[in-house]
Amino acid sequence: MEFDILVIEYFARFAHILFGIAWIGLLYYFNFVQGGYLAKASDEAKISAFTGLVPSALWWFRWAALFTFLTGLYLLHSVWTTDRFFEDTLIAVVVATLMAANVWFIIWPNQKIVIKSNESLRDGGAADPNQGSAAAAALLASRTNTLFSIPMLATMVSSAHTPPTINGGRGFGDWVTAESYGMFILLAIILIIELNAIFGKMNPLIKSVQGVIASGIVLTAMTLVLLIFL
């Protein structure tokens, strides 16, 4: 029985990583490659991209996000029932859940508006007047997910792969098992960032590719410092 559970958990973890690679890989493609190209492309190239390439890429993107989330739920149940749920686990779960929600409830609905608007232009019709605001909302959520992806990966790896230490903790010592004020501060920061993704405007710190990468690294450093020292 125990062997069967271990096998199931192995394949669940394998699937989780596989789907996660597809999801985050496409997230980085959209932000690091496609966005820069479309910003300089001709109107004809943009119409061609948004009526051909983008819908296909978004199909893989959103379903990879969903199956990453679903396999993650199983792994969450596994670590919870075996007392392997730590502070870094919580942060990884919260951030990844917000990222998946951003894909399905912000990015995809707004990208559908942009796609349909370009399909109308392709067929000789008029652009949707909401296309600009929809594109901006999708970009903000996508940049936010890119920002979140770096600390999410750091906490996911530390929660699952750091080795045990002689004092009962893992990796950095007891920081992942202690009751930490830093965790609550970090959750508040994450909530503020997510609220901006839903209701706010593009922050200059994450507007450019270089900016969002640098901001993600800074947020990751803040995450580790808050969890370790507070």
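The structure we're discussing is the one just above.
As the structure is a prediction and not an experimental result, all values here were calculated from the model.

Glancing now at the overall build of the chain. Regarding its fold elements, the chain presents 7 helices and 0 strands. Reported as C-alpha extents along the three principal axes, the dimensions of the chain are approximately 70 × 40 × 25 Å. Within the chain, the proportion of its 230 residues that are buried is 40%. Partitioning the intrachain contacts of the chain with sequence separation of at least 6 by distance along the chain shows that 81% fall at a separation of at least 24. Of the roughly 12600 Å² of accessible surface on the chain, 72% is carried by carbon and sulfur atoms. Taking the 12 positively charged and 14 negatively charged side chains of the chain as two groups, their mean positions are separated by 12 Å.

Glancing now at the side chain of Thr 71. Relative to the elements of secondary structure, Thr 71 occurs in helix α2 (residues 43-81). Among the residues examined, Thr 71 registers a relative accessible area of 14% and is labelled buried. A distance of 3.1 Å separates a polar atom in the side chain of Thr 71 from a polar atom in the side chain of His 16. With residues near it in sequence (within four places) discarded, Thr 71 still touches Ala 12, Ala 15, His 16 and Phe 19.

Turning our eyes to something else, we now look at helix α5 (residues 181-199). Helix length check: α5, at 19 residues, gives a terminal C-alpha distance of 27 Å against a target of 27 Å (1.5 Å per residue), a fit within 8%. Where α5 is concerned, the buried positions are Gly 182, Met 183, Leu 186, Ile 190, Ile 193, Glu 194 and Ala 197. One face of α5 carries all of its buried residues, which in axial projection span an arc of 105°. Of the exposed residues in α5, those oriented more than 90 degrees away from the buried face are Tyr 181, Phe 184, Leu 191, Ile 192 and Phe 199. The inward-facing, buried residues of α5 abut α3 (87-122), α4 (131-161) and α7 (209-229).

With that out of the way, let us pick up the side chain of Thr 89. Its location among the elements puts Thr 89 in helix α3. Taking relative accessible area as the criterion, Thr 89 reaches 7% and is therefore assigned buried. Sequence-distant contacts of Thr 89, defined by excluding residues within four places in its chain, comprise Val 79, Arg 84 and Ser 159.

Turning to the packing of aromatic side chains, a few remarks are in order. In the structure shown here, the tally under the stated rule is 9 aromatic pairs. Seen in terms of ring centroids, Trp 59 and Trp 60 are 5.0 Å apart; in terms of plane orientation they differ by 80°. Their pairing is edge-to-face. Taking relative accessible area as the criterion, Trp 59 reaches 40% and is therefore assigned partly exposed. Every member of this aromatic cluster is reached through a ring pair, and the members are Phe 19, Trp 63, Phe 67 and Trp 104.

Taking 1.5 Å of rise per residue, 31 residues should cover 45 Å, and α4 covers 43 Å from first to last C-alpha, within 8% of that figure. Bending of α4 peaks at approximately 30° at the position of Ser 149, with proline Pro 151 no more than four residues after it.

Bringing the nonpolar core into the picture now. Within the largest apolar cluster, 39 residues are counted, with the highest numbers of intra-cluster contacts made by Trp 23, Leu 58, Phe 61, Ile 91, Val 95, Met 99 and Phe 148. Residue assignment for this core shows that the elements contributing at least two residues are α1 (2-40), α2, α3, α4, α5 and α7. Among the elements that line this core, the one with the most residues is α3, at 10 residues. Apart from residues no more than four positions distant in its own chain, Phe 61 is found in contact with Trp 23, Leu 26, Leu 27, Phe 30, Val 103 and Ile 107.

Another aspect to go through is unusual backbone geometry. Non-glycine residue Asp 83 carries a positive phi angle of around 55°. Counting through the fold element by element, Asp 83 comes out in the loop between α2 and α3.

Take the pattern of salt bridges next. For the structure shown, the criterion picks out 3 salt bridges. Asp 123 is the salt-bridge partner of Arg 122, the closest N and O atoms lying 3.1 Å from each other. Each member of the salt-bridge network shares a partner with another, and the members are Glu 9, Arg 13 and Arg 84.

In the contact formed by α5 and α7, the axes pass within 8 Å of each other and the chain directions differ by 155°. With respect to each other, α5 and α7 are oriented roughly antiparallel. α5 and α7 meet at a crossing whose hand is left-handed. From α5, Gly 182, Met 183, Ile 185, Leu 186, Ile 189 and Ile 193 reach across to α7, where they touch Leu 219, Met 222, Thr 223, Leu 226 and Leu 227. Taken together, the residues of the contact of α5 with α7 break down into 9 nonpolar, 2 polar and no charged.

Conventions we followed
- Residues numbered from 1 in each chain as written.
- Predicted model: local features only at pLDDT ≥ 70, side-chain atom pairs only at ≥ 80, totals over all residues.
- Heavy atoms only, no water.
- Helix = DSSP H or I, 4+ residues; strand = E, 2+ residues; numbered from the N terminus.
- Buried < 20%, exposed > 50% of the residue type's maximum accessible area, 1.4 Å probe, protein only.
- Contact = heavy atoms within 4.5 Å.
- Areas by Shrake-Rupley, 256 points an atom, 1.4 Å probe, with all protein chains shown as cover.
- Lys, Arg positive; Asp, Glu negative; His and termini not counted.
- Charge placed at Lys NZ, Arg CZ, Asp CG, Glu CD.
- Polar contact = N/O pair within 3.5 Å; in protein donor to acceptor, adjacent residues only side chain to side chain.
- Expected span 1.5 Å × (residues − 1).
- Arc of directions from axis to C-beta.
- Phe/Tyr/Trp six-rings, centres within 6.5 Å; stacked < 30°, edge-to-face > 60°.
- Bend = angle between axes of the 7 residues up to and from the residue.
- Core = buried A, V, L, I, M, F, W, Y, C linked by side-chain atoms within 4.5 Å.
- Salt bridge = Lys/Arg side-chain N within 4 Å of Asp/Glu carboxyl O.
- Axes fitted to C-alpha atoms, helices over the stretch in contact; angles between N-to-C directions.
- Parallel < 35°, antiparallel > 145°, perpendicular 65-115°, else oblique.
- Left-handed = near helix turned anticlockwise from the far one by under 90°.
- Nonpolar A, V, L, I, M, F, W, Y, C, P; charged D, E, K, R; others polar.

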